[in-house]
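Architecture at a glance
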Amino acid sequence: MLRPMLLAAAAALAVATPAVAPAQTATTAAADQTAALNAFFADYDKAALARSPLGKAQRGIRDGDYGKWGDYSDAKAVADRAFDEAQLAEMRRRFAGAPLSAEGQLSYRLFEAQMARRASLFPFRDRGYVFDQMNGPQSQLPAFLINIHRVGSKSDAEAYVSRLQGLGPAMDQLLAEARNAETAGTLPPKWVFPYVISDARNLLTGAPFTDGPDTALYADFKAKVAALAIPQAEKDALVAAGRQALVTSVKPAYERLIALMTEQQARAGTDDGVWRFADGKAYYAALLKNYTTTNLTADEVHQLGLDQVARIHGEMRGIMAKTGFKGSLQDFFKFMREDKRFYAPNTDEGRALYLAETEKANAAVTPLLPKYFGTLPKAPLVVKRVEPFREKSAGKAFYNRPAPDGSRPGTYYANLYNMADMPLTEVEALFYHEGLPGHHLQLAIQTELKDVPAFRQFGGVTAYSEGWGLYSEKLAKDMGLYTDPYRDFGRLQLELHRAIRLVVDSGLHHKRWTREQAIKYVEDNSADAPGGIVKAIERYIVYPGQATAYMVGRLKISELRDKAQKELGPKFDIRQFHDVVLLTGPVPLDVLEERVDAWVKMTKG
């Protein structure tokens, strides 16, 4: 009986072979072409990193460029655009129409989308402010040295000294670009300049420049050198070299910065929105498309904001009723804004309390994560306060991703400059946004992705990443957190904060609102602390469009989850849904929707 069966099987195989072979050939071709495409992306990444010493350091790469800053000239920006255009053309020449795996097709599409976003903003490059209180190099360059430049060897310390020495020439390039921007008609509003000048003076206050404690850079360098396992004489020589670089390069560079900022402040105007530029309408439209990855117009963004503000106000009234408060919603806002029980004192003890409450939120959410996520990050997370030299101008809270080699953890920064701007009711939601399950979980997972091109492993899409952060604030409620109704109000207050952004960002840059109009709108419609309101509005003015991405992205992720739950019913697995969202890395919102729809279809069977 065995032999006839074998003969029949052989005959069946012989008949089937012609039909199988083309499929196998196509699969092999797709694998080969995808491997070639990934090799192309690896070459692109290597060439791009060679053009960016700071990009290398962000990745934890310490090579011959470790002591350099890079080129901040417009000529470099033009050269980078030409480089990108040439790389995009080469990818299309070699791989357009080529058989690619599904992942290869996605990478091809995402690279095209990334290049399109860059190209759309390039014509407006002289509209961005070189120096401002949010992203200005006066604070970003020192923060880079303190937080990114690792010192594990004598050569790393020498590279730090080299960067201190190079800070003067780097700052001069940036000052030249600030002058060129003014010639092109671009100056920040007048109120921006005191922040930049304050940051600069903070860097020059203390040893080795003046009496008093060491400045932030000097203290950081000393501490890093002290930790090295080298002879004391070598440590002393390194510290002396660092001091010399600070005095001869950093100090005069910051004095030149203060001089230019003082000059430009006298010439700056008081209008705030980008509408004041001749190409302001087109510039703002390009920014909205870049940040949201949608075709929403400024008017649509504004109306979406108004609708979301009304929705959240309704949910807040529910919290108000739960607490037994009597009065209007605006009365409740005033109570939440002014009652001292909701704030830590503006002292070292108060700041320690805030950080301790943040760690409690970390401890509460961490053991719940495996129930909601199929993939968790390996990189650790640390919580820090923003360094004093930049805390006056820095944002309320932010996150720095870990190094891929494990040499640097993910870091959540809380700005504790004025505790009246950091209500305790928002401690949990802020941590869930910036830390877990928010930016740290998403960005660490992204950094740890394998078998994806580097531009996907390390790149970003604002609506995706910030949408995830805001989604995470609500996800924490789904996980059973925010047991205190006032903390739950804090969550809604932060969500309201992002809805209001849609209104005021479009108001400032499209509807020609003044800074004061925007501040008044927030005061009337939220419980934001007064100092926090001013800082937020000033952020939106110098960073147009970016803040609109949070709510737009969050609404899309929530919509996709609700849709998947409805279609899959008992087959819906939130761990799988989160893997679908997270394991591609950042993608435009239309691509994210396609990915979730495909997963739903596959899961249905």
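Scroll up for the structure.
What comes next is a walk through the structure. (Residues numbered from 1 in each chain as written. Predicted model: local features only at pLDDT ≥ 70, side-chain atom pairs only at ≥ 80, totals over all residues. Heavy atoms only, no water.)

1. With respect to the overall build of the protein chain
- A tally of helices and strands in the protein chain yields 23 helices and three strands.
- The globule rule puts the C-alpha radius of gyration for 605 residues at 25 Å, and the 26 Å found for the protein chain is close to it.
- Taken along the three principal axes of its C-alpha coordinates, the protein chain extends 100 × 65 × 55 Å.
- The proportion of buried residues among the 605 residues of the protein chain is 54%.
- Long-range pairs, those at least 24 residues apart, make up 79% of the contacts in the protein chain between residues at least 6 apart in sequence.
- For the protein chain, the exposed surface amounts to about 25,400 Å²; the carbon and sulfur share of it is 57%.
- Distance between charge centres in the protein chain, computed from 76 positive and 72 negative side chains, equals 2 Å. (Helix = DSSP H or I, 4+ residues; strand = E, 2+ residues; numbered from the N terminus. Rg over C-alpha atoms; globule rule 2.2 N^0.38 Å. Buried < 20%, exposed > 50% of the residue type's maximum accessible area, 1.4 Å probe, protein only. Contact = heavy atoms within 4.5 Å. Areas by Shrake-Rupley, 256 points an atom, 1.4 Å probe, with all protein chains shown as cover. Lys, Arg positive; Asp, Glu negative; His and termini not counted. Charge placed at Lys NZ, Arg CZ, Asp CG, Glu CD.)

2. Digging into the packing of aromatic side chains
- Following the criterion strictly, the structure yields 31 aromatic pairs and no others.
- An angle of 85 degrees between the planes, with centres 5.5 Å apart, marks the rings of Phe-335 and Phe-342 as edge-to-face. Just as Phe-335 is buried, Phe-342 falls in that class too.
- Over the ring of Trp-191 we find Arg-515; its NZ or CZ atom is 5.4 Å from the centre of that ring. (Phe/Tyr/Trp six-rings, centres within 6.5 Å; stacked < 30°, edge-to-face > 60°. Lys NZ or Arg CZ within 6 Å of the ring centre and 35° of its normal.)

3. Quick look at the environment of Leu-287
- Note on placement: Leu-287 falls in helix H10 (residues 280-292).
- Along the backbone, Leu-287 and Lys-563 are 276 residues apart, and their C-alpha atoms lie at a distance of 29 Å.
- With sequence-adjacent residues up to four places away left out, Leu-287 is seen in contact with Leu-121 and Pro-544.

4. Section: the sheet that holds strand E1 (residues 381-385)
- As summarised here, the arrangement of the three strands in space is E1-E3-E2, forming an open sheet in which the pairing is mixed. Single-partner strands in this sheet number two, and they are E1 and strand E2 (397-400). Strand-to-strand twist in this sheet, taken as the mean axis angle between neighbours without regard to direction, amounts to 20 degrees.
- Each of E1, E2 and strand E3 (410-414) touches helix H14 (residues 427-434); the most contacted strand, E2, lies at about 25 degrees to it. (Pairing = 2+ DSSP bridges. Axes fitted to C-alpha atoms, helices over the stretch in contact; angles between N-to-C directions.)

5. Section: unusual backbone geometry
- Across the junction of Ala-207 and Pro-208, the peptide omega takes the value 10 degrees, indicating a cis bond.
- Relative to the helices and strands, Pro-208 resides in the loop between helix H7 (192-203) and helix H8 (216-226).
- With an omega dihedral of 5 degrees, the bond running from Leu-436 to Pro-437 counts as a cis peptide bond.
- Its location among the elements puts Pro-437 in the loop between H14 and helix H15 (439-447).
- A positive phi angle is found at Thr-293, which is not glycine, with a value near 55 degrees.
- Structurally, the position occupied by Thr-293 is in the loop between H10 and helix H11 (298-323).
- Among the residues examined, Thr-293 registers a relative accessible area of 16% and is labelled buried.
- Even without glycine at this site, Tyr-482 takes up a positive phi of about 60 degrees.
- Along the polypeptide, Tyr-482 turns up in the loop between helix H17 (462-478) and helix H18 (485-509).
- For Tyr-482, a relative accessible area of 4% translates into the label buried.

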